[in-house]
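# Residue-level structural notes
Each chain, written out:
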Amino acid sequence: MEIKILGLDPGIAILGFGSIICQISAEFNLDPQVQLQDYGIIETAAKKPFGDRLCTIYDDLHAVIKEIQPDLVAVEKLFFYRMSHTITIAQARGVLMLVLGQSGLPYVEFTPPEVKKALTGYGNAQKIEVQEAVARELALDFIPRPDDAADALAIALTAWFHQSACINLSSG
């Protein structure tokens, strides 16, 4: 069985996306396989009006979903930084959630510490440690760039780890 998971790292200037394909064996004693499908970013120009930037996210995210055709979407939960920064990310995240609603896709959400813990074993890991874990889990000899795309892949992997734990629990 194959599951496609799309990870999304919300942002107004840059929204990262990363998708993985997970193979679940019919024999539960075999380890599930995971591989990179695609990754990248949706960028909006800072000089454009804010509404136009949200429209870019809306249109481009619809295109990404149409191309990848995920079975599950994993989204980073809003984490508070500076209030002005948080508000713009929340607006971009609102558009992202609208697109997911229109697409009828199931989604899960994880905070940054949850993602860090899933990939490194502890919730205060440094960004480079998470990026190295992404490369290791996907058997890549490079760290995906830009950072927003690597973060999105980390979010997708976190969803996969949670899904595979549920599969193992139900089979055991």
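In this convention, every chain numbers its residues from 1, walking through the sequence in written order. Under the rules for a predicted model, residues below a pLDDT of 70 receive no local features and side-chain atom pairs below 80 are neither given nor counted, while totals for whole chains, interfaces and linings still include all residues. Only hydrogens and water are set aside when side-chain values are computed; all heavy atoms of the structure are taken into account.

## As for the sheet that holds strand β1 (residues 2-9)
If DSSP finds at least two bridges between two strands, the strands pair. Think of it this way: any DSSP run of H or I at least four residues long counts as a helix, any run of E at least two long counts as a strand, and we number them from the N terminus. Here we have 5 strands laid out as an open sheet, ordered β3-β2-β1-β4-β5, and mixed in their pairing. With one partner strand each, in any of the chains shown, β3 (33-43) and β5 (107-110) form the two edges of the open sheet. Sheet twist, expressed as the average angle between the axes of neighbouring strands with direction ignored, equals 20°. Where β1 meets strand β4 (residues 72-76), 4 bridges bridge the pair, whose relative direction is parallel. Lines fitted to C-alpha atoms define the axes here, with helix axes fitted over just the stretch in contact, and angles between the N-to-C directions of these axes take values from 0 to 180 degrees.

## Quick word on helix α3 (residues 112-120)
Side chains that are three or four residues apart share a direction in an α-helix, a result of its 3.6 residues per turn. For every residue, the accessible area obtained with a 1.4 Å probe (protein chains only) is divided by the maximum for its type, and the residue is called buried under 20%, exposed over 50%, and partly exposed between those limits. Of all the positions in α3, only Pro112, Val115 and Leu119 are classed as buried. Around the axis of α3, the buried residues are gathered within 60° of arc, so they sit on the same side. Phi for glycine 121, located one or two positions after α3, is positive at around 100°. As used here, the arc belongs to the directions running from the helix axis to the C-beta atoms.

## Section: the nonpolar core
Think of a nonpolar core as a cluster: buried Ala, Val, Leu, Ile, Met, Phe, Trp, Tyr and Cys residues, connected wherever their side-chain atoms sit within 4.5 Å. Membership of the largest hydrophobic core comes to 25 residues, with the highest contact counts inside it found for Ile5, Ile20, Leu119, Leu138 and Trp160. For this core, the secondary structure elements donating two or more residues are β1, β2 (14-23), β4, α3, α4 (127-137) and α5 (147-171). One finds Ile12, Leu15, Val64 and Ile65 within the second-largest nonpolar core, a separate group that totals 21 residues.

## Quick notes on the pattern of salt bridges
If charged atoms from side chains of opposite charge come close, those side chains can pair. Any Lys or Arg side-chain nitrogen found within 4 Å of a carboxyl oxygen on Asp or Glu counts as a salt bridge. Following the criterion strictly, the structure yields 3 salt bridges and no others. For aspartate 151, the salt bridge identified is with lysine 127, shortest N-O distance 2.9 Å. Note that aspartate 151 is positioned in helix α5 and lysine 127 in helix α4, a separation of 24 residues in sequence. Note on aspartate 151: relative accessible area 17%, which makes it buried. Lysine 127 sits in the partly exposed class, given a relative accessible area of 40%. The partner of aspartate 147 in a salt bridge is arginine 145, and the shortest N-O contact between them spans 2.9 Å.

## With respect to the pairing of β4
Burial analysis of β4 places 5 of its 5 residues in the buried class, the great majority of the element. Of the two faces of β4, the one carrying Leu72, Ala74 and Glu76 and the one carrying Val73 and Val75 are both buried. Bridge count for β4 against β5 is 4 bridges, and the pairing is parallel. Bridge pairing in β5 links alanine 74 to valine 108.

## Side note on the environment of valine 130
Here valine 130 lies in helix α4. A C-alpha to C-alpha distance of 6.2 Å links valine 130 and leucine 119, two positions 11 residues apart in sequence.

## Brief notes about the packing of α3 against α4
Put simply, α3 and α4 touch, their axes get as near as 9 Å, and they point 50° apart. Overall, the two elements α3 and α4 adopt an arrangement that is oblique. For the pair α3 and α4, the sense of crossing is left-handed. Where α3 approaches α4, its residues Lys116, Leu119 and Thr120 are matched on the opposing element by Glu129, Val130, Ala133, Val134 and Arg136. Geometric relationships in this document are graded by angle, where less than 35 degrees denotes roughly parallel, more than 145 denotes roughly antiparallel, 65 to 115 denotes roughly perpendicular, and other angles denote oblique. Take the far helix as your reference; a near helix turned counterclockwise from it by less than a right angle gives a left-handed crossing, and one turned clockwise gives a right-handed crossing. Contact criterion: two residues are considered in contact whenever any of their non-hydrogen atoms come within 4.5 Å of each other.

## What about helix α1 (residues 50-68)?
For α1, built from 19 residues, the straight-helix expectation of 27 Å at 1.5 Å per residue is met to within 8% by its first-to-last C-alpha distance of 27 Å. Burial in α1 covers these residues: Arg53, Leu54, Thr56, Ile57, Leu61, Val64, Ile65 and Ile68. Down the axis of α1, the smallest arc covering the buried residues is 155°, so these residues share one side. Seen from the buried face of α1, the exposed residues on the opposite side, beyond 90 degrees, are Lys66 and Glu67. Each helix should span, by expectation, one fewer than its residue count multiplied by 1.5 Å.

## Observations regarding unusual backbone geometry
Proline 146 follows arginine 145 through a cis peptide bond whose omega is 0°. Of note, proline 146 is situated in the loop between α4 and α5. Positive phi, close to 55°, is recorded for glutamine 69, a residue that is not glycine. Within the fold, glutamine 69 resides in the loop between α1 and β4. Of note in the backbone geometry, alanine 139 takes a positive phi value of approximately 55° without being a glycine. When you line up the elements, alanine 139 lands in the loop between α4 and α5.

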